[in-house]
Amino acid sequence: MIKKQYTVDLAGQMAQCEANYARIMQLLPDMATIDQRLFGVELSGGQLAQIRIDITERCKYTTMVDISQLPSEQKMQPWDTAPRFSLRVYHDAQMAEVVSFDARRALYASYEYPNKNMFQRDEKAQLNLFLGEWLSHCLQYGHALDGSQLCFQTL
């Protein structure tokens, strides 16, 4: 049986990264001037999670951003983890892509399968899709932690 070679859906990945750029800019429209934002997000079952966005590096055309869900005071299940993303935000191309997830660095566009880490062939594409869903949830259910109104800019 001949395995079909996996090919990267470049157009799909670029569209996802463009959508993620729009989402991160809604959450952090003042990215050029602030270093951190902290807000709350409602999870299923009425739980509240704290989300922190940190700017870790600024260059002329790119910004490195860490986004993490802070550990909850409530007891988490063994399978329940608080996601941590590192993004590279390309301002000139208006794209944002995942460069690290939960401290796993050097994500490749595709992987041979099976592999020792059991990454899917399209692991990076799946992480960018997950980031988009997660950012969308933050936009829909996010709120200020101090009781004030948190209004995300609509692009």
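Residues numbered from 1 in each chain as written. Predicted model: local features only at pLDDT ≥ 70, side-chain atom pairs only at ≥ 80, totals over all residues. Heavy atoms only, no water.

## Here we look at helix α1 (residues 10-27)
No. 1: The first and last C-alpha atoms of α1 sit 26 Å apart over 18 residues, in line with the 26 Å expected at 1.5 Å per residue.
No. 2: Considered for burial, the residues of α1 that qualify are Gln 13, Gln 16, Cys 17, Asn 20, Tyr 21, Arg 23, Ile 24, Met 25, Gln 26 and Leu 27.
No. 3: The inward-facing, buried residues of α1 abut β1 (36-42), β2 (48-58), β3 (62-69), β4 (84-90), β5 (95-101) and α2 (123-141). (Helix = DSSP H or I, 4+ residues; strand = E, 2+ residues; numbered from the N terminus. Expected span 1.5 Å × (residues − 1). Buried < 20%, exposed > 50% of the residue type's maximum accessible area, 1.4 Å probe, protein only. Contact = heavy atoms within 4.5 Å.)

## So, the side chain of Arg 37
No. 1: Relative to the helices and strands, Arg 37 resides in strand β1.
No. 2: A relative accessible area of 19% places Arg 37 in the buried class.
No. 3: Polar contacts involving the side chain of Arg 37 include one to the main-chain carbonyl oxygen of Leu 27, which spans 2.8 Å.
No. 4: The contacts of Arg 37, once residues within four sequence positions are left out, are Leu 27, Leu 28, Pro 29, Asp 30, Ile 51, Arg 52 and Ile 53. (Polar contact = N/O pair within 3.5 Å; in protein donor to acceptor, adjacent residues only side chain to side chain.)

## What to know about the pattern of salt bridges
No. 1: Applying the stated criterion across every chain, the model contains four salt bridges.
No. 2: Of the charged contacts, one joins Asp 54 and Arg 52 as a salt bridge, the two residues approaching to 2.8 Å between their closest N and O atoms.
No. 3: For Arg 52, a relative accessible area of 30% translates into the label partly exposed. (Salt bridge = Lys/Arg side-chain N within 4 Å of Asp/Glu carboxyl O.)

## Remarks on a nonpolar patch on the surface
No. 1: On the surface, Leu 38, Leu 48 and Leu 145 cluster together into a nonpolar patch covering about 240 Å² of accessible area.
No. 2: Tracing the backbone through its elements, the reader meets Leu 48 in strand β2. (Patch = residues over 30% accessible without salt bridge, like charges linked within 9 Å, V, L, I, M, F, W, Y side chains within 5 Å. Areas by Shrake-Rupley, 256 points an atom, 1.4 Å probe, with all protein chains shown as cover.)

## Quick word on the nonpolar core
No. 1: By size, the foremost hydrophobic cluster in this structure holds 25 residues, and its most contacted members are Ile 24, Met 31, Ile 53, Val 65, Ile 67 and Leu 87.
No. 2: Elements represented by at least two residues in this core include exactly α1, β1, β2, β3, β4, β5 and α2.
No. 3: At five residues, α2 tops the list of elements feeding residues into this core.
No. 4: With sequence-adjacent residues up to four places away left out, Leu 87 is seen in contact with Ile 24, Thr 63, Met 64, Val 65, Ile 67, Glu 97, Val 98, Val 99 and Leu 131. (Core = buried A, V, L, I, M, F, W, Y, C linked by side-chain atoms within 4.5 Å.)

## A closer look at the packing of α1 against α2
No. 1: At their nearest, the axes of α1 and α2 sit 9 Å apart, and the two run at 30° to each other. It follows that α1 is roughly parallel to α2 by the angle criterion. Two packed elements cross with a definite hand, and for α1 against α2 that hand is left-handed. Every residue of α2 that contacts α1 at Gln 13, Gln 16, Cys 17, Asn 20, Arg 23, Ile 24, Gln 26 and Leu 27 is listed here: Ala 125, Asn 128, Leu 129, Leu 131, Gly 132, Leu 135, Ser 136, Cys 138 and Leu 139. (Axes fitted to C-alpha atoms, helices over the stretch in contact; angles between N-to-C directions. Parallel < 35°, antiparallel > 145°, perpendicular 65-115°, else oblique. Left-handed = near helix turned anticlockwise from the far one by under 90°.)

## Things to note about the side chain of Thr 63
No. 1: Mapped onto the secondary structure, Thr 63 falls in strand β3.
No. 2: Residue classification places Thr 63 among the buried residues on the basis of a relative accessible area of 5%.
No. 3: Here the side chain of Thr 63 touches His 91 through a polar contact of 2.7 Å, side chain to side chain.
No. 4: Residue contacts for Thr 63: discarding those within four places in its chain leaves Met 31, Ile 55, Glu 57, Arg 58, Leu 87, Arg 88, Val 89 and His 91.

## Section: the sheet that holds β5
No. 1: The strand order across the open sheet formed by six strands is β5-β4-β3-β2-β1-β6, and the pairing between neighbours is antiparallel. A strand with exactly one partner marks an edge of an open sheet, and here the two such strands are β5 and β6 (142-143).
No. 2: Pairing analysis gives seven bridges linking β1 to β2, with the strands arranged antiparallel. Residue pairing for β2: Leu 38 is matched across the bridge by Arg 52.
No. 3: Together, β1, β2, β3, β4, β5 and β6 form the strand contacts of α2, whose direction differs from that of β5 by roughly 110°. (Pairing = 2+ DSSP bridges.)

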